[in-house]
Amino acid sequence: MRSDSHAEMLREVGLVPTIQRLAVLEWLSKTERHPTADQILEAVRKKFPSISRATVYNTLDALTKAGMVLRLTVDPAATRYDADLKPHAHFRCRVCQKVYDIELKAGKPIDVKAAGHLVESVRTYAYGVCASCREKEGAIDA
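Residues numbered from 1 in each chain as written. Predicted model: local features only at pLDDT ≥ 70, side-chain atom pairs only at ≥ 80, totals over all residues. Heavy atoms only, no water.

Help me understand the overall build of the protein chain, please; the structure alone is not making it clear to me.
Scanning the protein chain from N- to C-terminus turns up 5 helices and 5 strands. For the protein chain, the succession of helices and strands along the chain, N to C, is α-α-α-α-β-β-β-β-β-α. Counting across all 142 residues of the protein chain, residues that qualify as buried make up 32%. Surface summary for the protein chain: the accessible area is close to 9300 Å², and the carbon and sulfur share equals 52%. (Helix = DSSP H or I, 4+ residues; strand = E, 2+ residues; numbered from the N terminus. Buried < 20%, exposed > 50% of the residue type's maximum accessible area, 1.4 Å probe, protein only. Areas by Shrake-Rupley, 256 points an atom, 1.4 Å probe, with all protein chains shown as cover.)

Quick look at the structure:
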């Protein structure tokens with residue numbers, strides 16, 4: 001996605017498209033990883049060496065509150081972020097600690113008006129051993 005598209009998206013949710021916000025959003029939109037704030041900081045600093053840790057954390061907070069980024073709690077050791085807003089679940093490997101996207105099967109996982117409440121999002125986290133680690137370990141089965 002182009003920088004001007006991200007700038008327009010930020011404006012649409014009431015955020016000023018600062019260079020720092022654009023840098024964080026653009027990098028996060030291009031990665032399939034589910035990085036921590038510190039990993040985002042490290043990546044964005046390659047292009048903007050003066051960006052501060054506080055700026056990255058504040059930007060991630062603003063993007064999350066605006067609904068442009070998901071804050072993931074799949075990893076108990078660190079919060080991770082995802083700019084992919086399409087419905088999907090997350091899988092965390094207990095061996096290599098990587099987080100993967102996994103497709104959700106068709107159908108509604110939950111009634112959007114459950115018990116009179118309006119469900120705005122559903123987060124699904126799965127844990128186990130990823131295909132790569134299973135292959136390395138000779139197909140460990142739990």
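Don't stop here, the text continues.
Can you walk me through the sheet that holds strand β4 (residues 99-102) in this structure?
Pairing between the strands of a sheet comes from backbone hydrogen bonds, and it takes one of two forms, parallel or antiparallel. The strand order β4-β3-β5 describes an open sheet built from 3 strands, whose pairing is mixed. Where the open sheet ends on each side, the last strands, each with one partner, are β4 and β5 (125-128). Between one strand and the next, the sheet's axes are offset by a mean angle of 30°, whatever the strand orientation. Two elements, strand β3 (residues 89-93) and β5, share 4 bridges in a ladder whose sense is parallel. Along β5, the bridge assignment pairs cysteine 93 with glycine 128. (Pairing = 2+ DSSP bridges. Axes fitted to C-alpha atoms, helices over the stretch in contact; angles between N-to-C directions.)

Would you explain the pattern of salt bridges in this entry?
Any two side chains of opposite charge can pair if their charged atoms end up close together. Applying the stated criterion across every chain, the model contains 7 salt bridges. Across the pair arginine 80 and aspartate 75 runs a salt bridge, and its minimum N-O distance is 3.2 Å. Judged by its relative accessible area of 7%, aspartate 75 is buried. When the shortest N-O distance is used, the salt bridge between aspartate 75 and arginine 92 registers 3.4 Å. In this pair, aspartate 75 is assigned in the loop between β1 (70-72) and β2 (80-82) and arginine 92 in strand β3, connecting sequence segments 17 residues apart. (Salt bridge = Lys/Arg side-chain N within 4 Å of Asp/Glu carboxyl O.)

Is there a simple way to explain the packing of helix α2 (residues 19-30) against helix α3 (residues 37-45) in this structure?
For the pair α2 and α3, interaxial distance at closest approach is 10 Å and the crossing angle is 105°. As summarised for this structure, α2 and α3 are arranged roughly perpendicular, according to the angle between their axes. For the pair α2 and α3, the contacting residues are Ala23, Val24, Trp27 and Leu28 in the first and Ile40, Ala43 and Val44 in the second. Taken together, the residues of the contact of α2 with α3 break down into 7 nonpolar, no polar and no charged. (Parallel < 35°, antiparallel > 145°, perpendicular 65-115°, else oblique. Contact = heavy atoms within 4.5 Å. Nonpolar A, V, L, I, M, F, W, Y, C, P; charged D, E, K, R; others polar.)

What am I meant to see in the packing of α2 against helix α4 (residues 53-65) here?
Packed helix pairs are characterised by how far apart their axes lie and by the angle those axes make with each other. Viewed as axis vectors pointing N to C, α2 and α4 meet at an angle of 70°, and their least axial separation amounts to 10 Å. Relative to α4, the element α2 is oriented roughly perpendicular. Facing α2, whose interface residues are Gln20, Arg21, Val24, Leu25 and Leu28, α4 presents Thr55, Val56, Thr59, Leu60 and Leu63. Looking at the contact of α2 with α4 residue by residue, the classes come out as 6 nonpolar, 3 polar and 1 charged.

No statement about biological role is implied by the geometric values presented.
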